[in-house]
Amino acid sequence: SAVISQKPSRDICQRGTSLTIQCQVDSQVTMMFWYRQQPGQSLTLIATANQGSEATYESGFVIDKFPISRPNLTFSTLTVSNMSPEDSSIYLCSVTGGARDTQYFGPGTRLTVL
Amino acid sequence: GDSVTQMEGPVTLSEEAFLTINCTYTATGYPSLFWYVQYPGEGLQLLLKATKADDKGSNKGFEATYRKETTSFHLEKGSVQVSDSAVYFCALRSVSGNTPLVFGKGTRLSVIA
């Protein structure tokens with residue numbers, strides 16, 4: 001299995017500012033995924049981050065708003081830029097590993113934008 | 001594209017009642033199917049999975065059978081406990097390997113003593 005940690009666990013931010021969320025995995029993984037879970041909603045994939053290449057964004061998400069870094073095989077960051085209250089969500093980092101098809105999730109970063 | 005449809009919640013049951021949460025899917029090929037659980041204030045955890053037709057996943061008294069003919073993966077438990085109160089997500093992956101899961105909207109379960 002993979003153990004994933006995220007920082008910060010929660011934050012309250014002002015409109016117009018940016019927040020960078022860190023994701024650390026205890027083993028090397030090829031792909032890392034970033035999801036958003038809006039209040040009372042399901043998980044929506046933001047982007048897939050492959051080490052050494054540009055992240056691939058899902059429809060409705062753009063690099064200028066959610067820049068992602070993937071400097072090595074155990075670490076990634078997601079930045080939420082120019083935040084608005086609509087960005088208030090839980091942001092989750094995820095990887096596949098271990099038993100085939102198993103996907104593991106970090107504890108999430110709960111973001112509130114005022 | 002691939003999608004997962006879950007029964008809408010919230011679901012409220014008394015302790016020891018029988019639980020069914022319906023899940024159907026649309027996918028190309030033969031997806032792997034999953035149930036994840038999110039307990040209050042905690043992260044998402046894998047509950048069970050099935051990777052081919054007629055497989056039954058089970059864990060902690062929960063079961064789900066991969067039904068290809070009805071494209072379903074309903075979650076069941078014979079006798080729920082208060083500690084089962086959580087949000088349950090059905091999910092699929094249509095291609096094995098490093099591809100992300102597609103999630104249903106989640107079903108909130110509340111079990112009362």
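The rules behind these values
Residues numbered from 1 in each chain as written. Chains lettered and ligands numbered in written order. Predicted model: local features only at pLDDT ≥ 70, side-chain atom pairs only at ≥ 80, totals over all residues. Heavy atoms only, no water. Contact = heavy atoms within 4.5 Å. Buried area = accessible area lost by both parts, 1.4 Å probe. Salt bridge = Lys/Arg side-chain N within 4 Å of Asp/Glu carboxyl O. Polar contact = N/O pair within 3.5 Å; in protein donor to acceptor, adjacent residues only side chain to side chain. Helix = DSSP H or I, 4+ residues; strand = E, 2+ residues; numbered from the N terminus. Nonpolar A, V, L, I, M, F, W, Y, C, P; charged D, E, K, R; others polar. Disulfide = S-S within 2.5 Å. Buried < 20%, exposed > 50% of the residue type's maximum accessible area, 1.4 Å probe, protein only. Phe/Tyr/Trp six-rings, centres within 6.5 Å; stacked < 30°, edge-to-face > 60°. Pairing = 2+ DSSP bridges. Axes fitted to C-alpha atoms, helices over the stretch in contact; angles between N-to-C directions.

Colleague: I keep staring at the interface of chain A and chain B and nothing clicks. Help me out?
Modeller: In this assembly, 18 residues from chain A lie in contact with 20 residues from chain B. Between chain A and chain B, roughly 1,600 Å² of surface is buried when both sides are summed, and carbon and sulfur atoms account for 49% of that area. Between chain A and chain B we count zero salt bridges in total. Across the chain A-chain B interface, the total number found is six residue pairs in polar contact (both at pLDDT 80 or more). At the level of elements, β4 (31-37), β5 (43-50) and β10 (103-105) of chain A are the ones that each hand at least two residues to the side of chain A that touches chain B. Sorting elements by how many residues they give to the side of chain A that touches chain B places β4(A) first, with four residues. In terms of residue class, the side of chain A that touches chain B is built from eight nonpolar, eight polar and two charged.

Colleague: Help me out: how do you make sense of the state of the cysteines in this one?
Modeller: Here a disulfide denotes a covalent bond joining the sulfur atom of one cysteine to the sulfur atom of another. The final tally for this structure, using the stated rule, is two disulfides over all chains. Across the disulfide, B:Cys23 is cross-linked to B:Cys90 (sulfur-sulfur distance 1.9 Å). Linking B:Cys23 and B:Cys90, the disulfide has an S-S dihedral of approximately -70° and is accordingly described as left-handed. In this pair, B:Cys23 sits in strand β4 (residues 23-26) while B:Cys90 sits in strand β10 (residues 86-93), placing the two residues 67 residues apart along the sequence. Summarising the burial analysis for this pair, B:Cys23 and B:Cys90 share the class buried. Between A:Cys13, a free cysteine, and A:Cys23, which holds the nearest cysteine sulfur, the sulfur-to-sulfur gap is 18 Å.

Colleague: Would you mind going over the packing of aromatic side chains with me for this structure?
Modeller: Aromatic ring pairs are reported here in terms of the distance separating the ring centres and the angle at which the planes meet. Within this structure, the stated rule accounts for ten aromatic pairs over all chains. Residues A:Phe61 and A:Phe66 carry aromatic rings whose centres are separated by 5.6 Å and whose planes lie at 65° to one another, so their mutual orientation is edge-to-face. When sorted by exposure, A:Phe61 lands in the same class as A:Phe66, which is buried. Through pairs of rings, three or more aromatic residues link up here, namely A:Tyr35, A:Phe105, B:Phe34, B:Tyr36, B:Phe89 and B:Phe103.

Colleague: What should I look at first to understand the pattern of salt bridges in this one?
Modeller: Oppositely charged side chains can pair when the atoms bearing their charge come close. Residue and element names in this part refer to chain B. In the structure shown here, the tally under the stated rule is four salt bridges over all chains. Of the charged contacts, one joins Asp-55 and Lys-52 as a salt bridge, the two residues approaching to 3.4 Å between their closest N and O atoms. One salt bridge connects Asp-84 with Lys-77, and the closest N-O pair in it is separated by 2.8 Å. Here Asp-84 and Lys-77 have matching classes, each one buried.

Colleague: Please clarify how the sheet that holds strand β8 (residues 75-80) of chain A should be interpreted in this entry.
Modeller: Picture the strands of a sheet paired through backbone hydrogen bonds; they go either parallel or antiparallel. Residue and element names in this part refer to chain A. Within the open sheet, the four strands sit side by side as β1-β3-β8-β7. Their pairing is antiparallel. Each edge of the sheet is formed by a strand with only one pairing partner; in this case those strands are β1 (4-7) and β7 (68-72). Averaged over neighbouring strand pairs, the angle between their axes works out to 15° when direction is ignored. Bridge analysis of strand β3 (residues 19-25) against β8 gives six bridges, and the strand direction is antiparallel. Following the sheet pairing, Thr-20 is matched in β8 by Thr-79.

Colleague: Quick question: what am I supposed to make of the sheet that holds strand β9 (residues 75-77) of chain B here?
Modeller: Residue and element names in this part refer to chain B. Read from one edge of the open sheet, four strands run β3-β9-β8-β7, paired in antiparallel fashion. If you trace the sheet from one side to the other, it starts and ends with β3 (19-21) and β7 (56-59), each paired once. On average, adjacent strands in this sheet sit at an angle of 15° to one another, irrespective of strand direction. By the bridge criterion, four bridges tie β7 to strand β8 (residues 62-65) in an arrangement that is antiparallel. Bridge pairing in β8 links Gly-57 to Ala-64.

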